[in-house]
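Spelled out from the first residue to the last, the chains are:
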Amino acid sequence: MAKYTVKRLLQSLLTVFIIVSIVFVLMRMLPTDYYFTEEQQMKYDEETKHDMLQAAGLLDPIPTQLFRFYRGLLRLDFGESRRIQTGVSVWSIVAGKFTISMRLGLIAMAISLAVGVILGVLQARQKDRLMDHVGTVYTVFVNSVPPLVSYSLVLAFGARILKLPSLYSNRNPGPSSILPIACLALTSIAHYALWTRRYMVDESTKDYIKLARIKGMSSQSIMVKHVLKNAFVPLAQYIPASLLLTLGGSLLVERFFSVPGMGTLMTDAINRYDTNVVQGCVFLYASLGIIGVFLGDILMMILDPRIKLAGGGETR
């Protein structure tokens with residue numbers, strides 16, 4: 001366990017390092033004209049722009065810039081924003097946006113996990129009956145319809161019928177968060193319902209379940225003590241990753257409802273060519289995703305000690 005943990009931790013750090021390095025180099029390969037707004041392009045002459053770029057270190061060779069970036073990365077220092085909030089620390093900007101995304105993401109994750117698992121259990125217990133068909137229709141609809149279409153339906157229903165705010169507002173965060181949370185939870189509910197049903201149906205056909213029935217165990221006991229418990233083990237692998245990525249915000253949902261979270265910050269930073277903010281966002285997203293996968297493996301092993309993780313001839 002300890003050997004595997006250290007190995008995966010080192011692999012995770014290396015993966016994050018490679019990702020941020022590639023993004024850094026790609027951003028620096030873009031034309032330097034992108035560093036200036038249209039107003040600045042018209043206002044400054046070529047010599048002035050050259051001096052500004054040189055002062056910022058953007059004309060240095062890529063290896064030199066990369067080395068300077070690594071020194072800051074060791075301190076988790078991505079510098080200051082150049083375009084989003086000029087002169088403000090990247091981490092200060094990211095922290096404010098992340099708080100909003102975290103609040104929405106945690107609520108959406110709790111709802112999707114509870115509703116999705118319950119729906120999957122009901123489908124498995126009523127296989128090929130009405131509840132199973134209803135759940136299947138919902139899952140197929142969510143997975144097959146483009147997200148913008150389903151979000152538009154949620155918006156139309158929530159805004160016109162329930163009279164909920166159609167756009168997020170910092171002055172009224174409670175009611176204006178309902179529709180974004182609903183959209184964030186839609187896909188996850190379908191995911192958890194689909195896999196809960198599938199794993200429970202698979203477990204219910206195994207020999208040890210048939211033996212438990214022969215021994216006289218009630219259907220309720222079999223469902224709770226054996227089927228649901230064992231079906232939840234593979235499902236648990238995806239919970240940390242889903243949770244951490246949801247905390248990072250959804251690019252599409254936040255744009256759709258004008259939520260000033262991480263998703264909106266990321267797209268704004270790219271559109272406005274704020275390289276330091278882009279690097280901070282990429283580092284955060286990469287770290288969340290990789291840590292989520294790592295925690296998922298650990299959680300699986302905790303829930304089922306029979307699972308052995310790779311290392312020293314062991315298999316997972």
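Residues numbered from 1 in each chain as written. Predicted model: local features only at pLDDT ≥ 70, side-chain atom pairs only at ≥ 80, totals over all residues. Heavy atoms only, no water.

Caption draft 1: Layout of a nonpolar patch on the surface. On the surface, L14, F17, I18, I22, L26 and M29 cluster together into a nonpolar patch covering about 590 Å² of accessible area. Assignment of secondary structure puts I22 in helix α1 (residues 2-28). (Patch = residues over 30% accessible without salt bridge, like charges linked within 9 Å, V, L, I, M, F, W, Y side chains within 5 Å. Areas by Shrake-Rupley, 256 points an atom, 1.4 Å probe, with all protein chains shown as cover. Salt bridge = Lys/Arg side-chain N within 4 Å of Asp/Glu carboxyl O. Helix = DSSP H or I, 4+ residues; strand = E, 2+ residues; numbered from the N terminus.)

Caption draft 2: Local environment of unusual backbone geometry. The phi torsion at L76 lies on the positive side, around 55°, for a residue other than glycine. Notably, D128 is not glycine yet its phi reads approximately 65°, a positive angle. Inspection of the secondary structure puts D128 in the loop between α5 (90-125) and α6 (130-144).

Caption draft 3: Fine view of the pattern of salt bridges. Evaluated as defined, the whole model comprises seven salt bridges. We note a salt bridge from D60 to R68, for which the minimum N-O separation is 3.2 Å. Its relative accessible area of 27% is what places D60 among the partly exposed residues. One salt bridge connects E203 with K206, and the closest N-O pair in it is separated by 2.9 Å. (Buried < 20%, exposed > 50% of the residue type's maximum accessible area, 1.4 Å probe, protein only.)

Caption draft 4: Structural context of the packing of helix α7 (residues 147-161) against helix α9 (residues 178-204). Interaxial distance between α7 and α9 falls to 10 Å at its minimum, and their mutual angle equals 145°. The hand of the α7/α9 crossing is right-handed. Here α7 contributes S150, Y151, V154, L155, G158 and A159 to the contact with α9, which in turn contributes L179, A182, C183 and L186. Classifying every residue of the contact of α7 with α9 by side-chain character gives eight nonpolar, two polar and no charged. (Axes fitted to C-alpha atoms, helices over the stretch in contact; angles between N-to-C directions. Left-handed = near helix turned anticlockwise from the far one by under 90°. Contact = heavy atoms within 4.5 Å. Nonpolar A, V, L, I, M, F, W, Y, C, P; charged D, E, K, R; others polar.)

Caption draft 5: Region of interest: the nonpolar core. Membership of the largest hydrophobic core comes to 32 residues, with the highest contact counts inside it found for V20, F69, M262, L265, V277 and C281. Looking at this core element by element, the count peaks at ten residues for helix α15 (residues 275-303). The residues contacting L265, other than those within four sequence positions of it, are I84, I93, V94, K97, V277 and C281. (Core = buried A, V, L, I, M, F, W, Y, C linked by side-chain atoms within 4.5 Å.)

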